Amino acid sequence: MRALTWQGKRDVRVENVPDPRIEEPTDAVIRITSTGLCGSDLHLYEVLTPFMTPGDILGHEPMGIVEEVGAAVPDLQVGDRVVVPFQIACGNCWMCLTGLPTQCETTQVSAEGMGAALFGYTRLYGAVPGAQAEYLRVPQAQYGPIKVPEGPPDDRFVYLSDVLPTAWQAVAYAGVPQGGSVAVLGLGPIGDMACRVAQVKGAGRVFGVDLVPERLRRARERGVETFDLRSFDDEKELVAAIRDQTDGRGPDAVIDAVGTEAHGSAAARMVQNASALLPRKLSGPMAERFSVDRLAALHTAIELVRRGGTLSIVGVYGGMADPMPMLTLFDKQIQIRMGQANVRRWSDEIIPYLTDEDPLGVDDFATHRVPLGEAPQAYQMFQGKQDGAVKVLMQP
């Protein structure tokens with residue numbers, strides 16, 4: 001089959017690789033009909049290269065048709081249409097039963113000290129072959145795949161793999177009171193969708209912050225009060241402008257949907273780049289012990305949220321030596337929640353919103369649809385924020 005493989009920093013290629021097959025009774029194999037390009041994939045494209053191996057298959061946002069089913073997968077049949085969550089979880093362990101499949105005790109990558117295995121996401125999460133491919137082996141298929149009806153186009157359901165539950169959890173963790181206010185930093189796919197979820201869940205005012213015109217326009221057209229970073233000389237001006245809209249206090253909650261790709265610290269970029277240049281045996285341990293994130297967005301979120309408010313972190317951070325403003329966090333009595341989205345925890349709540357009325361705007365959420373063969377160009381476009389790219393879907 002054809003699949004997108006990682007070969008080095010900013011070097012991804014579509015190659016022929018062996019077809020996946022059933023390896024365990026709890027496996028299934030699906031033929032992928034749509035698969036997304038996620039902002040998290042860009043971390044593999046540049047920042048997390050010490051944890052990658054040439055030939056790794058990328059991608060973790062698939063849906064498709066079941067082609068083969070293992071003997072211990074009773075609820076799937078060949079021909080079923082399914083969305084596959086980005087994490088791999090059993091559904092039966094204590095963590096899964098507690099609503100935390102991202103911490104699944106069956107698939108935890110304990111050798112790396114990490115949580116549940118993920119599709120297409122470095123050795124830290126199991127080095128499981130990913131979903132930007134023609135076919136995908138799905139471990140723990142007795143629990144993971146979400147069956148969806150025939151009829152509507154893939155766009156209606158494909159975001160159940162990651163974007164929708166990630167945005168949903170971000171809003172749930174933010175604890176926005178009914179009629180309250182929330183600011184979303186970063187209006188990429190997750191931030192954009194988080195704004196939409198906050199609106200349908202009853203937020204009174206939603207503020208969105210970004211510096212990419214296309215992203216700002218999309219959010220503004222859906223009723224988000226947008227703030228263009230380019231219009232402010234520094235963080236303090238931005239914070240003051242939003243506080244002016246919230247009786248001088250700041251919003252009830254702030255969602256950091258930027259993560260380590262934030263525009264900011266040159267020193268952090270230097271450490272990331274230096275580790276990537278070292279021999280593989282040295283670069284991984286250095287990145288694990290000494291990695292530092294670019295924390296511009298996180299520090300802005302801490303400054304912006306009102307006293308006693310909630311900070312929900314959904315942007316991916318990977319640093320192990322990050323300085324945090326503990327005095328400010330303590331003094332402002334800020335609550336913080338974060339983590340990978342627990343897809344199956346939220347999917348049943350989300351599906352009723354995927355109706356013909358389309359309140360979340362999923363049908364036209366993608367800005368670009370490309371064949372799998374054009375995936376390398378899509379990565380370059382998305383990483384460079386070119387051609388108005390906000391969300392890219394690939395069709396194998």
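Calculation rules
- Residues numbered from 1 in each chain as written.
- Predicted model: local features only at pLDDT ≥ 70, side-chain atom pairs only at ≥ 80, totals over all residues.
- Heavy atoms only, no water.
- UniProt positions renumbered as here; feature names shortened; annotations may be inferred.
- Salt bridge = Lys/Arg side-chain N within 4 Å of Asp/Glu carboxyl O.
- Helix = DSSP H or I, 4+ residues; strand = E, 2+ residues; numbered from the N terminus.
- Buried < 20%, exposed > 50% of the residue type's maximum accessible area, 1.4 Å probe, protein only.
- Disulfide = S-S within 2.5 Å.
- Axes fitted to C-alpha atoms, helices over the stretch in contact; angles between N-to-C directions.
- Parallel < 35°, antiparallel > 145°, perpendicular 65-115°, else oblique.
- Contact = heavy atoms within 4.5 Å.
- Nonpolar A, V, L, I, M, F, W, Y, C, P; charged D, E, K, R; others polar.
- Pairing = 2+ DSSP bridges.

- In the annotation of an unreviewed UniProt entry, the protein is listed under the name Threonine dehydrogenase-like Zn-dependent dehydrogenase and assigned to Streptomyces griseoloalbus.
- The Cofactor (unreviewed entry) comment attached to the protein in UniProt states, word for word, "Zn(2+)".
- Turning to the protein, the UniProt annotation filed under Sequence similarities (unreviewed entry) states: "Belongs to the zinc-containing alcohol dehydrogenase family."

### With respect to the pattern of salt bridges
Here comes step 1: Taken as a whole and judged by the stated rule, the model has 24 salt bridges.
Here comes step 2: Note that Asp-192 is salt-bridged to Arg-218, the shortest N-O span being 3.0 Å. Linking Asp-192 in helix α4 (residues 189-200) with Arg-218 in helix α5 (residues 213-221), this pair joins segments that are 26 residues apart in sequence. Residues Asp-192 and Arg-218 agree in their burial class; the two are buried.
Here comes step 3: One salt-bridge network, held together by shared partners, links Glu-23, Asp-27 and Arg-137.

### Details of unusual backbone geometry
Outside of glycine, negative phi angles account for most residues, and trans bonds account for most peptide bonds.
Here comes step 1: One non-glycine residue with positive phi stands out, namely Arg-10, at about 55°.
Here comes step 2: By the element assignment, Arg-10 lies in the loop between β1 (2-8) and β2 (11-16).
Here comes step 3: When its relative accessible area of 46% is taken as the criterion, Arg-10 is described as partly exposed.
Here comes step 4: One non-glycine residue with positive phi stands out, namely Asp-247, at about 55°.

### Side note on the state of the cysteines
Here comes step 1: For the structure shown, the criterion picks out zero disulfides.
Here comes step 2: With no disulfide of its own, Cys-38 lies closest to Cys-195 among cysteine sulfurs, the gap being 16 Å.
Here comes step 3: Overall, the relative accessible area of 6% leaves Cys-38 in the buried class.
Here comes step 4: Looking at Cys-104, it has no disulfide partner, and the nearest cysteine sulfur is the one in Cys-90, 3.7 Å off.

### Overview of the packing of helix α1 (residues 39-47) against helix α12 (residues 375-383)
Here comes step 1: For the pair α1 and α12, the least separation of the axes is 10 Å and the interaxial angle reads 100°. What the angle tells us is that α1 and α12 run roughly perpendicular. Residues Gly-39, Asp-41, Leu-42, Tyr-45 and Glu-46 of α1 form the contact with α12, whose participating residues are Tyr-379, Gln-380, Phe-382 and Gln-383.
Here comes step 2: A per-class count over the contact of α1 with α12 returns four nonpolar, three polar and two charged.

### Topic: the pairing of β2
Here comes step 1: Relative to β2, β1 runs antiparallel, the two being bridged by six bridges. The residue bridging Gly-8 from the neighbouring strand is Asp-11, located in β2.
Here comes step 2: Following β1, the chain reverses through two residues before pairing antiparallel with β2; Arg-10 in that reversal takes a positive phi of roughly 55°.

### Things to note about the pairing of strand β8 (residues 181-185)
Here comes step 1: Along β8, five of the five residues are buried, which leaves the element largely enclosed by surrounding structure.
Here comes step 2: Along β8, one buried face is formed by Ser-181, Ala-183 and Leu-185 and the opposite face, lined by Val-182 and Val-184, is buried too.
Here comes step 3: Bridge count for β8 against strand β9 (residues 205-210) is five bridges, and the pairing is parallel. The residue of β9 that forms the bridge with Leu-185 is Val-209.
Here comes step 4: With four bridges joining them, β8 and strand β11 (residues 253-256) adopt parallel strand pairing. Along β11, the bridge assignment pairs Leu-185 with Asp-256.

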